[in-house]
Amino acid sequence: MIQKPKGTYDVYGKEGQTILYIENVLRALMDRYDYEYVRTPHFEASELFHRAVGETTDIVTKETYDFLDRGERKMTLRPEGTAGVIRSFIENKMYARDVMPVKTWYYGPMYRYERPQAGRFREFYQFGVEVFGSQDAMADAEVISIPVTLYKLLGLKGIKVNINSLGDTESREKYREALIQHFKPHLSELCEDCKERFSKNPLRILDCKVDHDLEIMKKAPKTIDYLNEASKKHFEKVQEYLKVMDIPYSIHPGIVRGLDYYTHTVFEVEASVEGFGSQNVLCGGGRYNNLVKNIGDVDVPGVGFALGMERLMTALRYEQIDLCNNTLDVYIIPFEETKKEAISLLQELRLSGFKADTDYMNKNIKANFKQADKKNARFLILLGEDELEQNLLTVKDNHTKEEYKIQKEELIAFLDEAFEEECTCEECGGSHEEME
RNA sequence: GCGUUCUUGGUGAAGCGGUUAACACACCUGACUGUGACUCAGGCAUGCAUGGGUUCGAUCCCCAUAGAGCGCCCCA
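Residues numbered from 1 in each chain as written. Chains lettered and ligands numbered in written order. Predicted model: local features only at pLDDT ≥ 70, side-chain atom pairs only at ≥ 80, totals over all residues. Heavy atoms only, no water.

Visitor: Please set out the pattern of salt bridges residue by residue, giving values where relevant.
Guide: Taken as a whole and judged by the stated rule, the model has 15 salt bridges. Aspartate 322 is the partner of lysine 14 in a salt bridge, and the nearest nitrogen-oxygen pair spans 3.5 Å. Taken together, the residues span a long stretch of sequence, with lysine 14 in helix 1 (residues 13–32) and aspartate 322 in the loop between helix 11 (309–318) and strand 12 (328–334) at a distance of 308 residues. A salt bridge links glutamate 44 to arginine 87; the shortest N-O distance between them is 2.5 Å. Note that glutamate 44 is positioned in strand 2 (residues 43–45) and arginine 87 in helix 4 (residues 82–91), a separation of 43 residues in sequence. Taken together, the shared-partner salt bridges in this structure form one network comprising Glu44, Arg87 and Glu91. (Salt bridge = Lys/Arg side-chain N within 4 Å of Asp/Glu carboxyl O. Helix = DSSP H or I, 4+ residues; strand = E, 2+ residues; numbered from the N terminus.)

Visitor: Kindly report on the pairing of strand 9 (residues 263–271), identifying the contributing residues and their values.
Guide: With respect to burial, strand 9 is a largely interior element, 9 of its 9 residues being buried. Bridging between strand 9 and strand 10 (residues 281–287) involves 6 bridges; their strand directions are antiparallel. Within strand 10, the residue paired with threonine 263 across the bridge is arginine 287. (Buried < 20%, exposed > 50% of the residue type's maximum accessible area, 1.4 Å probe, protein only. Pairing = 2+ DSSP bridges.)

Visitor: Let's hear about unusual backbone geometry: which residues, and what values?
Guide: Going from methionine 100 to proline 101, the amide bond is cis rather than trans, its omega being 0°. In this structure, asparagine 376 takes a positive phi of about 55° despite not being glycine. Backbone geometry places asparagine 391, a non-glycine residue, at a positive phi of 55°. Here asparagine 391 is to be found in the loop between helix 14 (385–390) and strand 15 (392–397).

Visitor: Please set out the sheet that holds strand 14 (residues 377–383) residue by residue, giving values where relevant.
Guide: A sheet is described by the order of its strands in space; here 5 strands give the open sequence 13-12-14-15-16, paired in mixed fashion. A single partner strand is all that each edge strand has here, and the edge strands are strand 13 (356–358) and strand 16 (403–407). Taking each pair of neighbouring strands and ignoring which way they run, the sheet shows an average axis angle of 25°. Here strand 14 runs beside strand 15; their pairing, made up of 4 bridges, is antiparallel. Bridge pairing links isoleucine 381 to valine 395 in strand 15. Packed onto the sheet, helix 13 (residues 365–374) meets strand 12, strand 13, strand 14 and strand 15 and runs at close to 175° relative to strand 12. (Axes fitted to C-alpha atoms, helices over the stretch in contact; angles between N-to-C directions. Contact = heavy atoms within 4.5 Å.)

Visitor: Please provide a residue-by-residue account of the packing of aromatic side chains, values included.
Guide: Under the defined criterion, the tally for this structure stands at 20 aromatic pairs. An angle of 85° between the planes, with centres 6.1 Å apart, marks the rings of tyrosine 33 and tyrosine 35 as edge-to-face. Using a relative accessible area of 17% as the deciding quantity, one classes tyrosine 33 as buried. Feature note: the residues Phe89, Tyr95, Phe132, Tyr261, Tyr262 and Tyr288 constitute an aromatic cluster, connected by ring pairs. (Phe/Tyr/Trp six-rings, centres within 6.5 Å; stacked < 30°, edge-to-face > 60°.)

Visitor: Summarise the packing of helix 1 against helix 11; cite the residues concerned and give the values.
Guide: Two elements in contact, helix 1 and helix 11, have axes separated by 12 Å at closest approach and are oriented at 110°. Classified by the interaxial angle, the pair formed by helix 1 and helix 11 is roughly perpendicular. Where helix 1 crosses over helix 11, the handedness of that crossing is right-handed. Counting all contacts with helix 1, which are made through Glu15, Thr18, Ile19 and Ile22, the residues of helix 11 involved are Met309, Leu312, Met313 and Leu316. (Parallel < 35°, antiparallel > 145°, perpendicular 65-115°, else oblique. Left-handed = near helix turned anticlockwise from the far one by under 90°.)

Visitor: Lay out the sheet that holds strand 7 (residues 159–165) with the relevant residues and their values.
Guide: Spatially, 8 strands are ordered 1-5-6-11-10-9-7-8 in an open sheet, and the strand pairing comes out mixed. Since the sheet does not close on itself, it has two edges, and those belong to strand 1 (36–37) and strand 8 (250–251), each with one partner. With 10 bridges connecting them, strand 5 (residues 102–111) and strand 6 (residues 123–132) associate as antiparallel partners. Bridged to tyrosine 111 within strand 6 is glutamate 123. Docked against the sheet, helix 4 engages strand 5 and strand 6, running at close to 40° with respect to strand 6. Across the face of the sheet, helix 5 (residues 137–154) comes into contact with strand 5, strand 6, strand 7, strand 9, strand 10 and strand 11 (302–308) while running at roughly 15° to strand 11.

Right, dumping it as structure tokens:
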């Protein structure tokens, strides 16, 4: 038996329904925010990711799917979405648009060769946005508000927004220096991983779970103390905007993000649910004012974020949020001699907008009733010889268990009326109504 | 890349060296030739991830491989 590749998964059944539902919410949400959809290739020239993500990051050094195409070109399956979108932004000269900023969103699979684990796959789906052209803190705040709004629409409660600022290039460099000076005399006290980080990416030491409680960790300089005036002001504005949008947040000096390209605002949204697992960061992002310049020749600031669908799905499971619509309006129980009438009736119901199904397995009546229950059918229609002779339908309301004899011509009107009444009830409430 | 636990029908699983692989749910058939959650009688793994080895004998012990889960690193 051939199995799926390690770290991949199939989507079907309830999960498939849930994902389609979420994708619809995403689309509607991005429309409201007035963002434009961008789709870029799933593979790009390897060099793009080396430049964008950073030569030294783990993602580029040991996690990419690289291959040579038949023309000997070095290609890489995209490990993240930002690089491709920026490439597209430059290549399609979106920087020359008459409407600025350019606000984009993307959605699709990403690839990283990693050991699979909770909330981590080799092929995984990310939804993300990139906003180009604005330096304003309003853009930062808006970007942060997107995942927050999405999680709210889906009904997630246990989430926390953590923000920090790395400042501009000048501030960032000054801080980096300070950090190195701080840890240098204490290098021996740190864990093995942190010693590695010290030379590779000192900012990451702050993220360490092992050394978290160490005295020198607590005394470590904080990014926000090293911000210059302009950077500080920017960060304050972001916070001010978050407050007026009613988005609760906390400042975490520890979040520095792994990718090299961030400047100013960085943020993460985490699932703060007990027992969620170690991969509890649902989304992350921030501002990258130098990245576009590094990739192309245009100097355009940007800000964006990406969220992992798999982790979102895990969070929904943990909070026991069910977004599936597993009901059927009508289930027709056919008999051997009425199949023709049954399929014709089915067609009519579907044309009229009802979700309808029947039996294709020649099941007996008992099994049909059972199946109708499993499919959560609201109405059952029995269509047998008796009904055929009398030109009637036996319609059974599966809520009240009442049975009606109805003329075939009156069926649609009957159902319309029945569902009309239902619409005002609690059943329809919940998150999806807010999306109308 | 490292550590660790695991892999038995459609599903949940018992068995941990001895020849019919338990039990439950689901499913199918019939009692019941048109009304469902009851009852009863049947049926449903020639096989225990794959490949080797040890043994008179292996689902059970050993080795390898693959996959899954969890943690580290890193990230969404």
